[in-house]
Structure formats: structure tokens, C-alpha cells
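The primary structure of each chain is shown beneath.
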Amino acid sequence: MELKLGLNVELGFLGMYCRSSLIVLSNICARCFCRKRFTLTRLLVILLIISVITTIFSISYLNVHLRSTKRRKIPPLPLSPCRANITDMKNPFKKISHHTKDVLRFGEKVLVLVDLQFSKAGTKIIRLLEAVRIEYKVVSTGRNLPTLTHLDEGKFAVIIFENFNAYINMDNWNRQLLDKYCLEYNVGIIGFVPSTTDMITEIVPGFPLTMEYNQKLQDYKLNRFSDVWRVTKASQFYEGRLPGDWTVFRTNHSTYEPLSYSKKQSQKFSVSIEDDDNKPVSPVIYDSGKIDNIKRILFGSTLRFWLHRLLLLDSISYLSHGKLSVSLDRYIQIDIDDIFVGKEGIRMLVEDVEALAQKQELFQQIIPGFHFNLGFSGRYYLHGSYDEDAGDKKLLEYRDKFWWFGHMWRHEQAHKFNEEALTLAMQQNKKFAQENFIPVKQNYAVAPHHSGVYPVHEELYKAWRNVWDVKVTSTEEYPKLNPSLRRRGFIYKGIMVLPRQTCGLYTHTLVLDDYPGGKKGLDDSIKGGELFQSILYNPITIFMTHLSNYGNDRLALYTFEGALKFLKCWTNFNLKSLPPLQLALKYFEMFPEERDPIWQNPCNYKRHLVIWSANKTCEKLPSFMVVGPQKTGTTALYTFLAMHPGIVSNYNSPDTFEEVQFFNGNNYYKGLDWYLEFFPDPSNSTSPIIFEKSATYFDNEVVPQRAFSLLPKARIICILLNPAKRAYSWYQHMRSHDDPTALSYSFYDVISASDIAPRKLRDLRNRCLNPGMYAQHLVRWLDYYQPSQIFIIDGEQLKNDPINVMHRVQRFLQVEKYYDYSQHLRYDPKKGFFCEVLSNNFRKRKRKSYPPMTDEETLFLKQYYHKYNVALSKLFERLHITAPSWLEEIYEMKRNELTTV
Ligand SMILES: Nc1ncnc2c1ncn2[C@@H]1O[C@H](COP(=O)(O)OS(=O)(=O)O)[C@@H](OP(=O)(O)O)[C@H]1O
């Protein structure tokens, strides 16, 4: 909704310029006439000045005038993109499902094999998979294949080769492994054959297939008899040159079926599959597996040709037996933001409003139930020229034809105001709506200038709920503006935030010539380009437009009419519409995994920083965290760190004491502002090193990802104590906190509880034992953080030699001023711990006394944790980390094994 007021700025500037020129001119004239000798030369100078000023004025005026009258009398006529005879379908009633019983045998991932990790062609494939939310694993072809199975299930539903030659040239071992996997699980292969070779033709080794490289093609038609098509409507015909160089396939073997036909640019005939004499070439071919029982689809070019994106989606669906099929439903919402916000000269006239209503009727034939969704700020109603005000009135006359939603009273950025000011502004806008009988019933709102939704401005959410009972909004900013295809939704405090897309039109795109690349640029976006892909990849798309796109050249009407017709021509999508609230419910029903927000650091992204409240600061965010696990001495470490004059800890929580526990559990839904409250303002503190400690973070599945999103540069400290000791200490902790289950069962009962034991007992067992599976939790942290960001403390050493530990911690944290802990920590024989000398703030906890573990319990846990400890020792070896002393026994065993061998 960024308002580009170029025209008005120009007019203002011109006015100022003329005024000051006239003042200068009148001064000169006054001086000349006052003088006694009024010479011819002076007269000439004056005339010259006048003519220069007049010329500048005329040029500028004409420029401005031309700009405002560039509008066409008849706005551009809609595209007519369909070339096919719709009756030309093989079977219009064909069921478009690829489902077979084989779907049950493999998972939902795609394995993508690339030549180089960030190759252009591979990146395009990966972006497409991400856009349609298909999980994938990328592996370089030079390496060994990843594990393909897990227990009895195949891991991958489809295998994609960025370069099919890598498959052909694979070493025997890997090739046999892959083919065996494909055979066993009935999984297909997709291969792209780039024209990057000097060769002209090549017979594919082991296949009755010839490839012709470096072909220039034109015109493209699909084999409408193929079963591969699902989203693609195969009756279409693409006319024109195809981009780039192509590989085409020749074969006489019946295992192959061409999926598309084209012709070389040198060939004269029109593309027709019936035409045997003038055989067209095949740029995409399907191998039905008659030779080796493996199905393959080969593409003779990259995804540069837009239609291949559609074909790739269908190929993935077909070869995965329908496991990875995108939905055929496409919901579309078109918002017109700021319906009254626009300077004189660019607003809507009566005929524009009529055209809007007429097109809405046309769109309703394509998308049943469709309504334009109009956003208003009442302050700007009737703020145009006489004719434009008539347009505003017409909008209100047609009020019941459209859906309406509120912005604010003025076109202001929400993050600059507090709840009270926002509430007042919304109430004023609501009053305007009531006085003008605007039917606002959609529980939907949009924040002007993209501000306040993400990064979250609490006050906006509160005011929305209070004034309008808003339940749905949309934004382009989550998680980031770009890449647009990765925009996602989330729910915050009961408000569902949906991703929003731009259609390429902004407030300043008034006429066709303003569009980057002019008419061709816009048509390309509609016909397979960015706009088309937005709808292709997103089952639910909310588009942002502005009033200026409906006045002037009515570019939005041109754009959407073209896009909808193009979709109808080329796809089998069912275009649908729902009111915003139902649409949002549908969205989170489709993508429940998006419900939880992911908070990022607004300071790491310029766009977010400028729409974050000025009184908030990310300087407060911690630069390191002690993440646990529980019962390993985290409180002691927290206390020792807080003693350091250069380190500042989080404030205490009334519920969880020295722990914030933000990234796990429900506190995360309280938002970033809530978290920031736990840290001192850096301006009031002498040290910039802030940290927090929450022992519950270490083994929680969602924490590493959440922590990394907000604190990607943070350092992470973990304390690892012998997991058996830790489990026992935790059990005793639960007993001392009167946990009824812990009080009812012995430690042995808990740790040896079977899977058919009572639910409460099983839960307690899991909570007791799971944190001690250190390797698997650490690996999750390492998925996000670099090994150099993670510091492991040996829990035994922390207990016995904290001075040395604190020395190493300081080095790891690179604290500026070294603090000599030997002067401040003393061993307290009564407590059995090192404590702060003259400590006031170390919680006066006595060492809890409880009996030692029984031999039975010790043996059980030794065996239980053995494989996890082996995994941990391997992980440490791989990361070159010195293992904690209690892991020595594993190394000892290994050494013994080696000596025995
Ligand atoms: N100074 C010092 N140095 C090293 N270790 C110490 C120290 N003080 C306490 N402890 C041990 O810490 C155990 C409590 O661990 P946590 O503080 O991580 O517990 S909690 O998760 O925060 O509840 C606690 O375990 P239990 O004695 O089994 O309760 C202590 O053994």
C-alpha cells in the first residue's frame, strides 16, 4: 500500500519552481524599470529569461498533463489466451487421480540429485518443491546415495535427477542400489537432460533411445492421450519459439510414449501428432518401464520453459502414485486496499466503478461466489476531483455488491501508535462505515503500509479484536517478503494471518506503459510467469491491489481476467472463493503445521526493522543461552555466570524462577515483546553480554529451530552429566516436588515401565529417560547451529572443578574482562558444592539427600543408555570435541574391543 505520489510531487515542485522564478523575474524587471537607462540589451535579457521560464513551464506542465492523461479511452482489451478446442479432450470425464496402492510403501519426500549443490537448474527444482510444500532431500551426484529405506518403508516417493546423464554414468554400486529401490517400491525417476554437450546425437547407453542435443524449437503441444496429466489441461497448444536450447528424444521402442511434441525451428509444418510424414520431435518422454520395470519421465530442457513447471508437478504426482499430488482446488481472494486513498488524478471514476462491478460478474462465472474485497480508510472519502468524488459515491451506491474490510481512519503505520490511539482511529473508521451503511462482516482487516502484523505490534492485534472483532488478516511480510513463494501463515492470539501475494501491480502502476516491460512484461507474468505461478503453487492466494489499479488503465481488471482465463485454458484447477474467515479456516486445515508462528530477529532484516516499534530494541536479546538439560547443574552455572561483572542474566520469572522457558511450551505464543521484557535495557547496563538459562530447552524438539530463527548468532551452552545420574536426580526432584506418580512408584518401576504400563507411568518414564539421549538432541541443535557455537560442559567437572570450567566458558564467550573465579568460589564441605564466597544470591539450597541408586537400577540404566552414549562418543569424535569424563568408559570399551581384535 505504499503510495507513490510522483504526479503530485511533480506538481508541487513545479508550482514552487514557477513561484520562485516569477519572484526573481519581477525583481529583475523592477530593478530595470527603476533605472533611468532602460537599454535594448536589458530588454532582450528580460525577454530571454521570460522565454526560458515559459519553455521550462510548458515542458513540465505538458509532462505532468500527459502523465495524467496517458490513460487510454478504452483500457487494454483482455487477453484471449486459449488456442485449444475445448472439445478436443480425450475424455472430459476422466478421473484425474494417480492413486494406487503402492503409495503406502514409501514416505512423502523427494530425493533430488544435483551435479553441484547450488546449480541453477537444481535450485529451480528445489524452489518449486518448496513452493508446493513438498519435502525433499538434496544430494550431490558425486557422493554415495543416502539411506533409501527406513524399516520396511521407502523414504522417497520420487527420484529427480537435475542431470539425467549423472544417472546414466552412475557407478555400478549406486546405480544398482537405486534401481533396486525403484523396482522394490515402484518408485519412478524424473531426469532433466540439459543441452550442455557439444555432441549432436547420442544413444543412451543401455536404452533404445537417442537424444538429439542443442535443438532450437518452436510450438508445443501435449500428448492428450497420456495418463500423466492431472493439473495440466492437455488440449492446449503453445505457439511461438521456446526459450533456450533443447534436447529431443527419438526411439522406436514401445516402452516410450512422447508426452509432448514440438518442431525444430527449421521445420515448416504445424505440430500435429497425426502427421506421420512430418514427424514432430518429442521434448518430454515417458518410459513406461517395459524394459526394466522402472518408470521414468525425461525432460529435454530445464524449468526455464514455464509449461515444464506444470508438467513437473504432474510427473511427480504420477510417479509417486498420487502421494505427492497438489490439490486441484485453487481459492482466490482479491483485496483492493485503500479504496478511497489516492491523490486527485489517479482515483476511480463512475465508469471505473461500473467496470469493476461488471468484471466481478464475469469473474463470478469463472470463480463461483467471487467478490472483490474492498479496504477503506474513511478519512479519504470524497477527496478527489468532482468526477472522482462521483466515483466514490458510486462505490457506496454499489456497496452491497462487494465485500468490505476496514483499515484505519487515516493511512497510517500501525506500529507507530499505542493501543488507545489505534482503537480511536479504528472506531472513527467504524463510525464512518456505520454512517455510510458499509456492510463490513468479514472479520478481516489489513494494516496500512504492511506495518504491525509481522513483526507483531501487540497493540494492533488488541485494537483489531476490540473494535472490529478481527479474526483474519494477511501480510506479505511473513516470514519474509522474498522469496514470495515461501510466504506462509501463522496464528497469533486468535488472529489468523494468511500469506498475501502481489500481482505485479502497485499504487504507481497506473497505465500499461508503467508496467516493467510494458504490455509484454505483464502478459508474460499472466501467461505462465510470476502471477500464474503464484496460483499454481498456492491452493489459497490472496492478492493485494489498490484503487489506482482499477482507475486509469484498469490494469487489475486486465490482469486478473487474463490470469483467470489462462488458468482455465491450461489447468484443471477448480477456481473457488470463500469469505475470509472460512478461507482462513480452510488454510490452517490444509496446513496445520503453519499454525505456530516462528519469531525472527527484526534487526536481521531491514524491512522488518523499519516497521518495528522504535521503542523496541534487539540489543536486549541474549547473546548466549544455557539450555540444559535439567538436573545437570544449570542453576549453579547460571549463578556463576551472573557473578561475572561483564555478564547479565535474564530477570526472574514469577512462575519459573531463574528460567524464562520461552522457546518451549506456551510462553512462545506470548510473543517476542513478552520475551524481551525479561532482559534489561542495554542502555542501563554496563555490559552487552546478556544471557538466559532454561534447562527445558535442550531436549525439546521445536526449540533449536525456534531459537535459531530468533538468535542465529547466539552461543549455546549444554551441561552433560552421566545420563543415569541425571535421570535419578530428576526422579528425586519430582518426588521432592510431590509429583503423585513419582511418589507412587519406585525409581526402578519408572525406568523399567513397559509400553503397556499405565499412561501416567509411561509419561513419567519418558520425561525421566528421554533427555539423557544426548546425541539425538545435540544433532537437532547442530541442524541449526554451527559446532563452533555450541559449548559442552562436563557436569562432573562443573561440580568438582568449577574454576577451570568458568575459565573455559569465558574463553568460549570471548568476554572482554576476565573474571578470576578462584577468588570468588569456595568449596563448601557442608553442601558438597562450590559456592560463591559470601554468597547472597546463590539460592540457599541444601544438597538434597537421597539414597544412592541400587545396583539393579545402575545396571539397568547402564545398559539402557549404552547405545546413546556410543552415538554421543561418535558425535564428539566427528566434531573433535573432548568427551566428558563419564564417557571414558565407552572409549575404554572401544579400546578393549580393538585390542581383542
Ligand atoms: N555448585 C554446584 N556445582 C555443580 N552442580 C551443582 C552445584 N549445586 C548443585 N548442583 C547440582 O545440580 C543439580 C541441580 O541441577 P539444575 O540446577 O540443573 O536443576 S534444575 O533443572 O534447574 O532443576 C543438583 O542435583 P541434585 O543434588 O540431585 O538435586 C546438584 O547435584
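Thresholds, definitions, all that
Residues numbered from 1 in each chain as written. Predicted model: local features only at pLDDT ≥ 70, side-chain atom pairs only at ≥ 80, totals over all residues. Heavy atoms only, no water. Core = buried A, V, L, I, M, F, W, Y, C linked by side-chain atoms within 4.5 Å. Buried < 20%, exposed > 50% of the residue type's maximum accessible area, 1.4 Å probe, protein only. Helix = DSSP H or I, 4+ residues; strand = E, 2+ residues; numbered from the N terminus. Contact = heavy atoms within 4.5 Å. Disulfide = S-S within 2.5 Å. Polar contact = N/O pair within 3.5 Å; in protein donor to acceptor, adjacent residues only side chain to side chain. Pairing = 2+ DSSP bridges. Axes fitted to C-alpha atoms, helices over the stretch in contact; angles between N-to-C directions. 1 Å grid on protein atoms, 1.4 Å probe; cavity = no way out; pocket = protein on both sides within 12 Å on 5 of 7 lines; lining within 4 Å. Points joined across faces, edges and corners; volume = space filled by probe spheres on them. Nonpolar A, V, L, I, M, F, W, Y, C, P; charged D, E, K, R; others polar. Near = heavy atom within 4 Å. Areas by Shrake-Rupley, 256 points an atom, 1.4 Å probe, with all protein chains shown as cover. UniProt positions renumbered as here; feature names shortened; annotations may be inferred. Domains from an automatic or database assignment.

Turning to the nonpolar core, a few remarks are in order. One finds Ile159, Phe372, Phe663 and Tyr675 to be the most contacted residues of the largest nonpolar core, which totals 196 residues. The element that contributes the greatest number of residues to this core is helix 13 (residues 555-570), accounting for 11 residues. The contact partners of Phe663, leaving out residues within four places of it in the chain, are Met625, Tyr668, Tyr675, Glu692, Tyr697, Val702, Val703, Arg706, Ala707, Leu710 and Leu711. Core analysis: the next-biggest nonpolar cluster, separate from the first, contains 26 residues, Phe624, Leu637, Leu641 and Val815 among them.

A word on the state of the cysteines. In this structure the tally under the stated criterion is 1 disulfide. With its sulfur 1.4 Å from that of its partner, Cys603 forms a disulfide with Cys618. Torsion about the S-S bond of the Cys603 and Cys618 cystine: about -75 degrees, corresponding to left-handed handedness. In this pair, Cys603 sits in the loop between helix 14 (580-590) and helix 15 (606-610) while Cys618 sits in the loop between helix 15 and strand 23 (624-628), placing the two residues 15 residues apart along the sequence. Note on Cys603: relative accessible area 31%, which makes it partly exposed. Judged by relative accessible area, which is 13%, Cys618 ranks as buried. Looking at the unpaired Cys503, the closest cysteine sulfur is the one in Cys569, lying at 19 Å.

It is worth spelling out the side chain of Thr634 at this point. With respect to the element layout, Thr634 can be found in helix 16 (residues 634-643). Reaching out from Thr634, the side chain makes a polar contact with the side chain of Lys693 at a distance of 3.1 Å. Leaving out residues up to four positions away in the same chain, Thr634 has contacts with Val626, Gly628, Pro629, Glu659, Lys693, Ala695 and Ile719.

One open sheet accounts for 3 strands, arranged 17-19-18; its pairing is mixed. Two strands lie at the open edges of the sheet, namely strand 17 (472-475) and strand 18 (490-492), each paired on one side alone. Direction aside, neighbouring strands of the sheet carry axes that sit 30 degrees apart on average. Of the pairings in the sheet, the one linking strand 18 to strand 19 (residues 495-499) comprises 3 bridges and is antiparallel in character. Along strand 19, the bridge assignment pairs Phe490 with Val497. Running over the sheet, helix 10 (residues 458-468) touches strand 17, strand 18 and strand 19 and is turned about 115 degrees from strand 19. Here helix 14 sits on the sheet in contact with strand 17, strand 18 and strand 19, set at roughly 80 degrees to strand 19.

The subject of this paragraph is the layout of surface pockets. Estimates place the volume of the largest pocket at around 1900 Å³. If one sorts the elements of the lining of the largest pocket by residue count, helix 18 (residues 703-710) sits on top with 4 residues. Looking at the lining of the largest pocket residue by residue, the class counts come to 17 nonpolar, 9 polar and 16 charged.

Another point: the site of the ligand. Near the ligand, the surroundings consist of 19 residues, among which Lys631, Thr634, Thr635, Ser729 and Tyr850 are the closest. Within the contact set of the ligand, an oxygen atom lies 3.0 Å away from a backbone nitrogen or oxygen of Lys631. Separating an oxygen atom of the ligand from a backbone N or O atom of Thr632 is a distance of 3.2 Å. The fraction of the free accessible surface of the ligand (640 Å²) that becomes covered by protein chains is 91%. Put simply, the parts of the chain that give the shell around the ligand at least two residues each are helix 16, helix 19 (723-736), helix 24 (795-800) and strand 29 (833-836). The dominant element in the shell around the ligand, judged by the number of residues it contributes, is helix 16, at 4 residues. Taken together, the residues that form the shell around the ligand break down as 7 nonpolar, 7 polar and 5 charged.

What follows is about the sheet that holds strand 24 (residues 647-649). Strand order across the open sheet formed by 5 strands is 24-25-23-26-27, with parallel pairing between neighbours. The open sheet is flanked by strand 24 and strand 27 (790-794), the only strands paired with a single partner. Strand-to-strand twist in this sheet, taken as the mean axis angle between neighbours without regard to direction, amounts to 25 degrees. Sheet topology note: the strand 26 (residues 715-720)/strand 27 ladder contains 5 bridges and is parallel. Along strand 27, the bridge assignment pairs Leu720 with Asp794. Lying over the sheet, helix 16 contacts strand 23, strand 24, strand 25 (689-693), strand 26 and strand 27, oriented at roughly 165 degrees with respect to strand 25.

Glancing now at the UniProt feature "binding site: 3'-phosphoadenylyl sulfate" (unreviewed entry) in the protein chain. When the UniProt feature table is mapped to this numbering, "binding site: 3'-phosphoadenylyl sulfate" (unreviewed entry) covers Ser729, Lys846, Arg847, Lys848, Ser849 and Tyr850. If you trace the backbone, Ser849 turns up in the loop between strand 29 and helix 26 (855-879).

With that settled, the discussion passes to the environment of Arg465. Locating Arg465 in the fold gives a position in helix 10. A relative accessible area of 30% places Arg465 in the partly exposed class. With 390 residues separating them in the primary sequence, Arg465 and Asp855 have C-alpha atoms 60 Å apart. In this view, Arg465 contacts Val470, Lys493 and Ile495; residues no more than four positions away in its chain are not counted.

When the UniProt feature table is mapped onto this chain numbering, "domain: Heparan sulphate-N-deacetylase deacetylase" (unreviewed entry) sits at residues 329-532. Annotated as residues 329-532, this span is 34% helix and 15% strand, and its ends, taken at the C-alpha atoms, are 15 Å apart.

A cis amide bond links Tyr454 to the next residue, Pro455, at an omega of 0 degrees. Assignment of secondary structure puts Pro455 in the loop between helix 9 (419-435) and helix 10. Put simply, Asn482 and Pro483 share a cis peptide bond, and its omega is -5 degrees. On the secondary structure map, Pro483 appears in the loop between strand 17 and strand 18.

One water molecule sets the probe size; rolling that probe over the atoms shows where empty space is left. In total, this model carries 6 cavities of 30 Å³ or more according to the counting rule given. Reported here for the largest cavity is a volume of approximately 110 Å³. In terms of lining residues, the largest cavity is bounded by 14 residues, among which Tyr454, Pro455, Val456, Trp599 and Leu672 are the most central. Looking at the lining of the largest cavity residue by residue, the classes come out as 8 nonpolar, 4 polar and 2 charged. A domain-level breakdown of the lining of the largest cavity finds at least three residues from each of domain 2 (329-593) and domain 3 (617-793 + 845-888). Reported here for the second largest cavity is a volume of approximately 70 Å³. What lines the second largest cavity is a set of 12 residues, among which Val446, Ala447, His450, Glu476 and Arg500 lie closest to the centre. Partitioning the lining of the second largest cavity into residue classes produces 5 nonpolar, 4 polar and 3 charged.

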